[in-house]
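# Fold and geometry: a report
Given next are the chains, with one letter for each unit.
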Amino acid sequence: MSTVSTSSYAKIQFLQRQAASLLLYQSVLQNEVGMAFLELLQAIRYTDADARGSLQAYGSYFHALAAKNQNWEDYLINQILVSENPFTRLAQQEEFENIPLALVAAAQHDLQVLHSLCECSSASLSEWVQTVAHLPVSPIVWYTEQGKVEAKTVWMKQRLEAEAVVSLQNSDNWAETVEDLATYYRQFGTGLFAEYRALRWQDGKFVGIQHPDSMKLDVLAGYESQRDALLKNTEFLLSGESALHVLLYGSRGSGKSSLVKALLNEYSQRNLRLVEVTKSELQDLPIIVEQLRGVPQKFIIFVDDLSFEEDDDAFKALKVVLEGNLTARPENVVVYATSNRRHLIREFYTDRPAPKDQEEIHVWDTMQEKLSFSDRFGLTLTFEGADQKTYLKIVRHLAAKAGINISQEDLEYQALQWATRHNGRSGRTARQFVDFLKADLAIYTVKNNTSTQ
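Heads up: these notes are all about the structure in this document. (Residues numbered from 1 in each chain as written. Predicted model: local features only at pLDDT ≥ 70, side-chain atom pairs only at ≥ 80, totals over all residues. Heavy atoms only, no water.)

### Thoughts on the nonpolar core
Of all hydrophobic cores here, the largest spans 55 residues; its most connected members are W72, I80, F87 and L125. For this core, the element with the highest residue contribution is helix α6 (residues 101-118), accounting for nine residues. If we skip the residues at most four places from it in the chain, W72 touches L29, V33, F37, Y61, L65, L117, C118, C120 and S122. Judged by nonpolar contacts, the second largest core, of 44 residues, contains I209, L237, I394 and F433. (Core = buried A, V, L, I, M, F, W, Y, C linked by side-chain atoms within 4.5 Å. Buried < 20%, exposed > 50% of the residue type's maximum accessible area, 1.4 Å probe, protein only. Helix = DSSP H or I, 4+ residues; strand = E, 2+ residues; numbered from the N terminus. Contact = heavy atoms within 4.5 Å.)

Shown next, in the form of structure tokens:
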């Protein structure tokens, strides 16, 4: 039997009924923090004789918030922003006045419920646990200063400063913020696409990438014309114009993949998302494209190191996406693929027509389809192997960005020696050399300073 006061017991009952009454935003309470909160309310309401259940439930709640490094209020606000439900999905596509009134009313109801749960502070929960467990002092209250999440990217800064976020943080009635939230969903989207800039398709679903590659465009050098062509096509995508699918092919280590990854850091604040799809998952490509249709973000489907074997199902799936079918192609999706091969399907001498009986009559047609598959990409960018001039240009550029202060003659001599001993001349080799040189000079400086003290 609970030992909390009658008023506290009634308050807990009320909060539980409120949580159970959610119509659209149930997902807010369906992860670790939300479930820990509900389990704590239940443990306090029906505490056992020595209150161990309440203490354990409070520990789980504290741990869940600490792992997120968020206050209870900040957690609820963030979950509201990324919640996927009928209201948020429709708000992405329709003006607020076009959303059915019943859906708006349901959203307002849920926001009011979540606001009442928000007002159940961690301090109140700690005091209730102290009472039921007969503790001399209340358990430590988890607290971090509200709204002090570090904005590490322009994209994250935009999200944190959006009007809907400010409204929720300052409002005395979250139901009144419903129109600001609809505007937020229309601008930033919902679910994983609102929470992550980079994702991968894995086992039939999208998975967010917490720490995408930080490659920047200004680090890349040596292939300026290819870079400018890719930027122009990406601008078309972001502007709502018809963008082309792109094949980047050429020498290994020339920076093809790095260039695509750098687009994310250049344009994520303009709602660009990068979705990585491995060759083994390419058969799902038509499904992936349909799931991206109609959302506010623009998507680059990134396929790295592309090539196919004979009768590969992935080849057929990619062909459907590149060439289209009866379903209209979504304007917010393009495919950027990299390959070391100009002819993406492996061809063997035995595939060629020979003056003898063949199983297929029109074998030349089949072979030509294989050879011309790369032509189905609207734009093909070629990355030739780096000659000595290009290699040294990349080295000088990277060394300047890294702040390496040695003579140009010494830098170029060491760079050529490195290329000879390692993987030959390429952008990748240049980056490896500059990274090694930077670390080597840093260690030398530390040792030299230590020896002079």
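### A look at the sheet that holds strand β1 (residues 198-202)
Taking strand neighbours across the sheet as the criterion, the seven strands line up as β2-β1-β4-β5-β6-β3-β7 in an open arrangement whose pairing is mixed. The sheet is open, and its two borders are formed by β2 (205-208) and β7 (379-383), each paired with just one other strand. Going across the sheet, the axis of each strand differs from the next one's by a mean of 25°, ignoring polarity. Relative to strand β6 (residues 333-339), strand β5 (residues 298-303) runs parallel, the two being bridged by five bridges. Residue pairing for β6: I301 is matched across the bridge by V335. Contacts between helix α12 (residues 224-238) and the sheet are confined to β3 (246-250), β4 (272-276), β5, β6 and β7, with β7 contributing the most and set at about 155° to the helix. (Pairing = 2+ DSSP bridges. Axes fitted to C-alpha atoms, helices over the stretch in contact; angles between N-to-C directions.)

### Quick word on unusual backbone geometry
Despite not being glycine, N271 shows a phi value in the positive range, around 70°. With respect to the secondary-structure elements, N271 resides in the loop between α13 (256-267) and β4. For N271, a relative accessible area of 12% gives the class buried.

### Some words on helix α10 (residues 178-188)
Those residues of α10 that fall on the buried side of the exposure criterion are V178, L181, A182, Y184, Y185 and F188. The buried side chains of α10 occupy one side of the element, clustering within an arc of 160° when seen end-on. Within two residues after α10, G189 carries a phi angle of roughly 80°, on the positive side. (Arc of directions from axis to C-beta.)

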